[in-house]
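Here is what each chain is made of, one letter per residue.
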Amino acid sequence: MEKINFLLSMAEFNIPKTEEGFCRNFGQIKPLMNTTEAFYESSRCLFCYDAPCVKACPASIDIPLFIRQIHTNNIFGAAKTIYESNYLGNACGKVCPTEVLCEGVCVFKKQKIKSLEIGRLQTFATTTAIVHNKKLFAVSENKRAKVAVIGAGPAGIACACELRLHGYLVDIYEEKAQPSGLLIHGVAPYKIENLEITTEINYLQSIFGFTVHYNWPIKTKTDLQKLEKTYSAIFLGIGLGNTRSLNIRGEDLKNCIGATEFIEHLKLNRLTTGVGKKVVVLGGGNTAMDAASDAARMGAEAVILAYRGNKAEMKAYHFEYELAKNVGVKAIFNAIPLAITGNGQVSGVKFQKTQTQNGKLQPVAGSEFSIDCDMVIKATGQKKQSDFLKLIDNLKLDDLGRIVTQAENGQTTNPKYFAGGDARNGGTEVVNAAAEGKLAAKGIVDFLKEM
Amino acid sequence: MADLSINFAGIKAPNPFWLASGPPTNSGYQVMKAFDAGWGGAIWKTMGIPIINVSSRYGAVNYRDTRMAGFSNIELISDRPLKDNLNEFEEVKKHFPNHALIASLMVQSRKEWHQIVTDVQNAGADGLELNFGCPHGMCERGMGSAVGQEPEVLQTVTSWVMEAAKIPVIVKLTPNISDITEPAQAARRGGANAISLINTIQSLIGVDIDHFVTFPVVGTQSTHGGYCGPAVKPIALNMVKNCAKHPGVQLPISGIGGIENWRDAVEFILVGASSLQVCTSVMHYGFGIIRELKSGLECYMDEKGFKTIDEMVGKALPNITAWEHLNLEYKIVASISDEKCIGCQLCYIACEDGAHQAIELSADIQNRTPKINEGNCVGCNLCSLVCPVEGCITMIRKDDGSKTVTWHERTEAQNIPTTFDDTLAGGLAHHVPHPTEALKRRK
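Residues numbered from 1 in each chain as written. Chains lettered and ligands numbered in written order. Predicted model: local features only at pLDDT ≥ 70, side-chain atom pairs only at ≥ 80, totals over all residues. Heavy atoms only, no water.

This part covers the overall build of chain A. Regarding its fold elements, chain A presents 17 helices and 15 strands. For chain A, whose C-alpha radius of gyration is 23 Å, the value lies close to the compact-globule estimate of 22 Å for 451 residues. Dimensions of chain A, computed from C-alpha atoms along their principal axes, come out at roughly 70 × 55 × 50 Å. Buried residues in chain A amount to 55% of all 451 residues. The contacts in chain A between residues at least 6 apart in sequence include a share of 72% that link residues at least 24 apart. (Helix = DSSP H or I, 4+ residues; strand = E, 2+ residues; numbered from the N terminus. Rg over C-alpha atoms; globule rule 2.2 N^0.38 Å. Buried < 20%, exposed > 50% of the residue type's maximum accessible area, 1.4 Å probe, protein only. Contact = heavy atoms within 4.5 Å.)

The structure is reproduced here in structure tokens:
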């Protein structure tokens, strides 16, 4: 069997030994703008009519307006414009794939002029509001009905903010010790720092006054029945589960880890996250790119990204792939993993080559090869939480295990339950989750009014 | 190669770019540095009885990311003793005998004028500029624009100067007046050899909205200032043109007001200026801008085949006429380049909300390139002015050029609207949507 050896070169990143070294390796790709930078950048916006950037934004933020407000030094006004459409405005400015959303459609690109840095301007404005603890919203007088939100991720937080705006009392039940779901636990640290995320959530909590019960999992039928008794409506913002199994030999070996779990460990434990010298990342989505970049930045000497299809079939955004390549990640395509090899500990991955025939990926007989490594990160998608969702009466899921809701209000087939975020859409961006959470909150408000 | 040298009313200079009287000509050090950098002349900061200044003194209009698109000052004339100024004046003249060194003067009595004219002539001045323009601080004391706003006083004071002057005299005019040609004619009657314009425009440059005071702030208070910089150029060009075309003026004109680059300079020359004065842009960027000014002017002259500045002076004047002599048959409409359009739709909304509803959007929302409705297009230019892409919107001529009819001619032929609902109304055929259509539009 053919054996492919990647020459170990001197790694670009040293293994971070100190917090300072960690920060250096994970330098922010969208750092906070200073006032002068924001002033000049905002001056470039053309204030397009019916602007394409707004249409490309899942939260429909009035981007030309907030950029104009920044430029006229009405920063709080800009922050309000942003938060009125997206309660996670600060985080989204940093983690949104703006390259394929608002910035990707900036009309300047048609004349080969650099797009406006919309994401960074958005974070600039919202950070200013947060730093000044500016109360941009006044919540309505408390109403009697209470709403439970399961999951303090972006969808749940956005839903809670909107409900509080209308005066409904909101209790969020969060399984983990920290809020924001994948933002804290799953977004690569070079995109956003955890402190930035918690600062925004604290700011939102100080304005809207929702309650978060941490370390409080809702897992059983009994848990759900209790909620149904106490609350007039329930929002499901539960996201997705752990990394899906590949169902191949060797997944239980030491140093074979799911990408979501790897990034979560890195985000929470930083320096103590160990990486191998030679890491193979399996997958071709954006999480695979994040995991590969993270491994490289943690000082791995070689990081090989292996994807079963060809480059064009890869789901990751082009810019995410570029980011990974820029930190030294090498990609191999048309390689499907057959087994993870090793004795107690990972020592390599056995692959088979593939090719696309009649639109279907087919293994090529006799093309097996292996790559030596001491760590495998599986970025092969997250599981759905179907077992839990089946506990809810009359809750319909689609063929892919996603919660079925009404498009206009996020209401599920059980009228008391509403849903938004990854559990509803199968896994997209933070901004989609925030938009869906807000939409569902509006649906809940209408639902409660009718009651 | 073009020859940039000039002879302005008898004052010779290696090029037409002179520093206007102001902060950049406050000292011999600055003027010497400017001449060394390539400036052709300088008008020394106005001398008279020294004054006392306040702090702060300047304010600016910033347009988006552009600093100092407009500029205002409340600084007065030189605060240095005349003796110091004149010593340095002589020193500069010694080093740069072929550059134009002009003394700007402002005093009150006939006696003072005679004295100071004699003093600066003795120091080697090539010319005099009488500051009848300063619109702040000095005018309250009966000097500066207080003189410039009263043609008879201006004429009298000019004639006092002429009694003592042995060198060319330029009268600097204030724009704070309804008809600039009146003081210009008074200068001629008083015997002046040339005029220079414009001095600064009386202004409040802006308001400090946190402290309820205008800029520039002196402690907690402020006062009006004199406005200049790029923003005033259109006003200056019009006034230069008015003086250049007026048969009662007929004096060489030194153009001042917002000159920052060679294009500005050429524009001033084409409407009648034969020397140019620059101040604000030097205060912004330093003397080094002279390299761009000279190079641009030279290239332009070579390109157009002008050998001397004189050949260019007033070239645009014959084409500037009264509105009633413009051709009513000349018709242009806008045309948008599909290839260049970036889809910002600024032209659409400008025409839709600010002009004549002559630009339409495609029914296909993927296609962001607007289309001109030629039937409604009045050829106003607005779309081409707001378009951010070079050469994307052009104006295309539609009439065949065979007919020329002016308002003047139509008036003579009694072929003009004379009643409120006259069927000769120019906009009669123009399609205007019903007012309620406004409420049916997509939000």
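Text resumes after the structure shown.
Turning next to the domain arrangement of chain A. Entries for chain A in the domain assignment read domain 1 (2–26 + 243–378), domain 2 (35–131) and domain 3 (146–240 + 384–450). Inter-centroid distance (C-alpha atoms) of domain 1 of chain A to domain 2 of chain A is 34 Å. (Domains from an automatic or database assignment.)

Right, let's talk about the interface of chain A and chain B for a bit. Every contact between the two is made by 19 residues of chain A and, on the other side, 17 residues of chain B. Carbon and sulfur atoms supply 53% of the area that chain A and chain B bury against each other, a total of about 1,500 Å² over both sides. The largest contributions to the chain A side of the interface with chain B come from L46, Y49 and Q111 of chain A, which together make up 40% of the buried area. Connecting chain A to chain B are zero salt bridges. One can count seven residue pairs in polar contact (both at pLDDT 80 or more) joining chain A with chain B. Listing elements by their share of the side of chain A that touches chain B, those giving two or more residues are α2 (35–43) and α3 (52–56) of chain A. A class-by-class count of the residues in the side of chain A that touches chain B yields eleven nonpolar, four polar and four charged. (Buried area = accessible area lost by both parts, 1.4 Å probe. Salt bridge = Lys/Arg side-chain N within 4 Å of Asp/Glu carboxyl O. Polar contact = N/O pair within 3.5 Å; in protein donor to acceptor, adjacent residues only side chain to side chain. Nonpolar A, V, L, I, M, F, W, Y, C, P; charged D, E, K, R; others polar.)

Now for the layout of surface pockets. Residue and element names in this part refer to chain B. The calculated volume of the second largest pocket comes to roughly 780 Å³. Lining the second largest pocket are 23 residues, and of these L328, Y330, K331, V378 and G426 lie nearest its centre. Among the elements of the structure, β17 (332–336) and α14 (407–412) are those that each provide at least two residues to the lining of the second largest pocket. (1 Å grid on protein atoms, 1.4 Å probe; cavity = no way out; pocket = protein on both sides within 12 Å on 5 of 7 lines; lining within 4 Å. Points joined across faces, edges and corners; volume = space filled by probe spheres on them.)

All names here are of chain A. Two elements in contact, helix α4 (residues 63–71) and helix α5 (residues 75–85), have axes separated by 7 Å at closest approach and are oriented at 165°. Classified by the angle between their axes, α4 and α5 sit roughly antiparallel to one another. Here α4 runs over α5; the crossing is left-handed. Mapping the contact onto sequence places L65, F66, Q69 and I70 in α4 and I75, G77, A78, T81 and I82 in α5. Its residues placed into classes, the contact of α4 with α5 shows six nonpolar, three polar and no charged. (Axes fitted to C-alpha atoms, helices over the stretch in contact; angles between N-to-C directions. Parallel < 35°, antiparallel > 145°, perpendicular 65-115°, else oblique. Left-handed = near helix turned anticlockwise from the far one by under 90°.)

On the surface, W323, L326 and W407 of chain B cluster together into a nonpolar patch covering about 330 Å² of accessible area. With a relative accessible area of 31%, W407 of chain B lands in the partly exposed category. (Patch = residues over 30% accessible without salt bridge, like charges linked within 9 Å, V, L, I, M, F, W, Y side chains within 5 Å. Areas by Shrake-Rupley, 256 points an atom, 1.4 Å probe, with all protein chains shown as cover.)

Moving on to the packing of helix α7 (residues 233–245) of chain B against helix α8 (residues 262–270) of chain B. Residues and elements named next belong to chain B. Running from amino to carboxyl end, α7 crosses α8 at an angle of 25°, the nearest separation of the two axes being 9 Å. When the axis of α7 is compared with that of α8, the two are roughly parallel. Along its contact with α7, which presents K233, A236, L237 and V240, the element α8 presents D264, E267 and F268. Taken together, the residues that form the contact of α7 with α8 break down as four nonpolar, no polar and three charged.

Moving on: the sheet that holds strand β7 (residues 278–282) of chain A. Residues and elements named next belong to chain A. Across the sheet, which stays open at both edges, the five strands sit in the order β6-β14-β7-β8-β9 with parallel pairing between neighbours. At either margin of the open sheet sits one strand with a lone partner, and together these are β6 (256–258) and β9 (330–332). In this sheet, adjacent strand axes meet at a mean angle of 25° when their direction is disregarded. Here β6 pairs with strand β14 (residues 375–378) via three bridges, running parallel. Each residue of the ladder has a partner; that of C256, found in β14, is V376. (Pairing = 2+ DSSP bridges.)

As a further point, take helix α14 (residues 318–326) of chain A. Residue and element names in this part refer to chain A. What α14 keeps buried is the set F319, E320, Y321, L323 and A324. Each element contacted by the buried residues of α14 is listed here: α13 (286–297) and β9. Phi turns positive one or two residues past the end of α14, at G328, with a value near 100°.

All names here are of chain A. Here β14 shows two buried faces, one formed by M375 and I377 and the other by V376 and K378. Relative to β14, β7 runs parallel, the two sharing four bridges. Looking at the pairing, L282 lines up with K378 of β14.

Below, the discussion takes up the nonpolar core. Residues and elements named next belong to chain A. F66 and F210 are the most contacted members of the largest nonpolar core, which totals 99 residues. When residues in this core are grouped by element, the largest group, ten residues, is from helix α17 (residues 430–450). In this structure F210 touches I157, A160, C161, R164, V170, I172, I201, L204 and Q205, once residues within four positions along its chain are discounted. (Core = buried A, V, L, I, M, F, W, Y, C linked by side-chain atoms within 4.5 Å.)

Taken as a whole, this structure holds 21 aromatic pairs over all chains when the rule is applied. With a centroid separation of 5.9 Å and 45° between ring planes, the pair formed by Y83 of chain A and Y203 of chain A is classed as tilted. You can see Y83 of chain A sitting in helix α5 and its partner Y203 of chain A sitting in helix α10 (residues 194–208), a full 120 residues away along the chain. With relative accessibility at 4%, the residue Y203 of chain A sits in the buried group. The interplanar angle of 40° and the centroid separation of 5.9 Å between the aromatic rings of W262 of chain B and Y300 of chain B together place this pair among those described as tilted. Here the residue W262 of chain B occupies a position in helix α8, and Y300 of chain B occupies one in helix α10 (residues 290–304), the gap between them amounting to 38 residues. When its relative accessible area of 21% is taken as the criterion, W262 of chain B is described as partly exposed. (Phe/Tyr/Trp six-rings, centres within 6.5 Å; stacked < 30°, edge-to-face > 60°.)

Right, let's get into the pairing of strand β11 (residues 345–357) of chain A. Residues and elements named next belong to chain A. Pairing geometry for strand β10 (residues 335–343) and β11, over eight bridges, is antiparallel. Paired with G342 across the strands is V346, a residue of β11. From the end of β10 to the start of β11, which pair antiparallel, there are one residue, and G344 there has a positive phi angle of about 80°. Of the pairings in the sheet, the one linking β11 to strand β13 (residues 369–372) comprises four bridges and is antiparallel in character. Across the sheet, residue G348 finds its bridge partner in β13, namely D372. Counting the residues in the hairpin turn of β11 and strand β12 (residues 360–363) gives two residues, including N358, whose phi is positive at 50°.

Throughout the structure, instances matching the rule amount to six cavities of 30 Å³ or more. The computed volume of the largest cavity comes to approximately 490 Å³. Put simply, the parts of the chain that give the lining of the largest cavity at least two residues each are β4 (41–47), β6 (66–73), β14 (225–228), β16 (273–278) and α9 (280–285) of chain B. Here the lining of the largest cavity gets four residues from one element, more than from any other, and that element is α9 of chain B. The class makeup of the residues in the lining of the largest cavity is 19 nonpolar, 15 polar and four charged. Reported here for the second largest cavity is a volume of approximately 130 Å³. C45, C48, C53, C106 and V107 of chain A are, among the 16 residues lining the second largest cavity, the residues nearest its centre. Every element with two or more residues in the lining of the second largest cavity is listed here: α3 and α4 of chain A. The element best represented in the lining of the second largest cavity is α4 of chain A, accounting for three residues.

Turning our attention to α10 of chain B. Residue and element names in this part refer to chain B. Spanning 15 residues, α10 covers 21 Å between terminal C-alpha atoms, matching the ideal 21 Å at 1.5 Å per step. Every buried residue of α10 is listed here: I290, L293, G296, L297, Y300 and M301. Viewed end-on, α10 has its buried residues packed into an arc of 140°, placing them on one side of the element. What points out from α10, more than 90 degrees from its buried face, is the exposed set R291 and E303. Downstream of α10 by one or two residues, G305 has phi in the positive range, about 80°. (Expected span 1.5 Å × (residues − 1). Arc of directions from axis to C-beta.)

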